[in-house]
Amino acid sequence: MTAFPPLHEYALAHSCPTCKVKPGEPCRAPRKAAALAARNGLRAELGLAPIEDPGIALHLARHDAGRRHYRRDVVAAPWPEDRIPGQRYDTLGGAA
Ligand SMILES: [Zn+2]
């Protein structure tokens, strides 16, 4: 366990300013999803593993909201050398 969850969890914890989905729901981004499916189709033909990034099909504005939230948590947390190993310092409320 790390002190902070991954950035896509921060992004998912916010509603999306672009497609207006609620926190926790994936973005309604059909072109992003189609582009990812096409790319993974090509990767499969080449014998490569699919791209499995849960944040890749989220809208940019939502990523930005997640990054702002993450930066606020980092600033509010103790310095890295003062953190308790295994403890999380995020404010996502354990929902993520
Ligand atoms: Zn969205």
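Look a little higher up for the structure.
The following refers to the structure shown.

**Some points on the overall build of the chain**
Across its full length, the chain holds three helices and zero strands. Shown N-terminal to C-terminal, the secondary structure of the chain runs as helices and strands in the order α-α-α. Against the globule reference of 12 Å for 96 residues, the chain gives a C-alpha radius of gyration of 16 Å, more extended than a compact globule. Overall, the chain is about 50 × 35 × 20 Å in size when its C-alpha atoms are taken along their principal axes. For the chain, the proportion of its 96 residues judged to be buried stands at 27%. Taking as baseline every contact in the chain between residues at least 6 positions apart, the subset at least 24 positions apart corresponds to 67%. Of the roughly 6,600 Å² that the chain leaves accessible, carbon and sulfur atoms contribute 59%. Averaged over its 14 positive side-chain charges, the chain has a centre that lies 9 Å from the centre of its 10 negative ones.

**Some words on the coordination of the zinc ion**
Taken together, C16 (SG), C19 (SG), C27 (SG) and H59 (ND1) make up the protein donors of the zinc ion, found 2.1 to 2.4 Å from the metal. Classification of the site at the zinc ion as tetrahedral follows from its four donor atoms and the range of 106 to 113° in their angles at the metal. Read N to C, the donor residues that coordinate the zinc ion are spaced as C-x2-C-x7-C-x31-H. A relative accessible area of 11% places C19 in the buried class.

**Re helix α2 (residues 30–45)**
One turn of the α-helix equals 3.6 residues, which is why residues spaced by three or four share an orientation. Taking 1.5 Å of rise per residue, the 16 residues of α2 would be expected to cover 22 Å, and the 22 Å separating its terminal C-alpha atoms lies within 8% of that figure. Just beyond α2, the residue with positive phi is G47, at close to 80°.

**Details of the environment of A77**
Tracing the backbone through its elements, the reader meets A77 in the segment after α3 (60–76). Look at A77 and you get buried, because its relative accessible area is 12%. As for A77 and F4, which are separated by 73 residues in sequence, their C-alpha atoms are 9.9 Å apart. With sequence-adjacent residues up to four places away left out, A77 is seen in contact with F4, R83 and Y89.

**Examining unusual backbone geometry**
Not every positive phi belongs to a glycine, and K20 is a case in point at roughly 70°. Tracing the sequence through the fold places K20 in the loop between α1 (7–12) and α2. Residue K20 is classed as exposed on the basis of its relative accessible area, which comes to 62%.

**What about the pattern of salt bridges?**
Applying the stated rule across the entire model yields two salt bridges. Its salt-bridge partner being D64, residue R67 comes within 2.5 Å of it at the nearest N-O pair. Highlighted residues: R67 and D64, both in helix α3, separated by three residues, approximately one helical turn. Classification of D64 by relative accessible area gives partly exposed; the value is 28%. One salt bridge connects D90 with R88, and the closest N-O pair in it is separated by 2.7 Å.

About the cut-offs
Along each chain, residue indices are assigned from 1 in the same order as the chain's sequence is written. In view of the model being predicted, local features appear only for residues whose pLDDT reaches at least 70, and side-chain atom pairs are presented and counted only at 80 or more, with totals across whole chains, interfaces and linings using the full set of residues. Side-chain calculation: all heavy atoms of the structure are included, whereas hydrogens and water are not. Per the convention used, a helix needs a DSSP run of H or I reaching at least four residues, while a strand needs a run of E reaching at least two, with both numbered from the N terminus. Every radius of gyration here is taken over C-alpha atoms, with the globule rule written as 2.2 Å times N^0.38, N being the number of residues. Burial classification: accessible surface area is computed with a 1.4 Å probe over protein chains only, and a residue below 20% of its type maximum counts as buried, one above 50% as exposed, and the rest as partly exposed. Any two residues whose heavy atoms approach within 4.5 Å are treated as being in contact. Residue exposure ignores everything except the shown protein chains as possible cover, and the areas themselves are Shrake-Rupley values with a 1.4 Å probe. His is not counted here, nor are the chain ends, while Lys and Arg score as positive and Asp and Glu score as negative. Think of each charge as sitting on NZ of Lys, CZ of Arg, CG of Asp or CD of Glu. Note: metal donors comprise N, O and S atoms at 2.8 Å or less from the metal (3.2 Å for Na, K and Ca); water molecules are not included, so apparent gaps in a site are possible. A four-donor site is called tetrahedral if each angle lies between 85 and 135 degrees; a four-donor site is square planar, and a six-donor site octahedral, when trans pairs exceed 155 degrees and the remaining angles lie between 65 and 115; all other cases are labelled irregular. Between the first and last residue of a helix there are one fewer steps than residues, each counted as 1.5 Å, and that sum is the expected span. What makes a salt bridge here is a side-chain nitrogen of Lys or Arg within 4 Å of a carboxyl oxygen of Asp or Glu, nothing more.

That is the geometry; function is a separate question.
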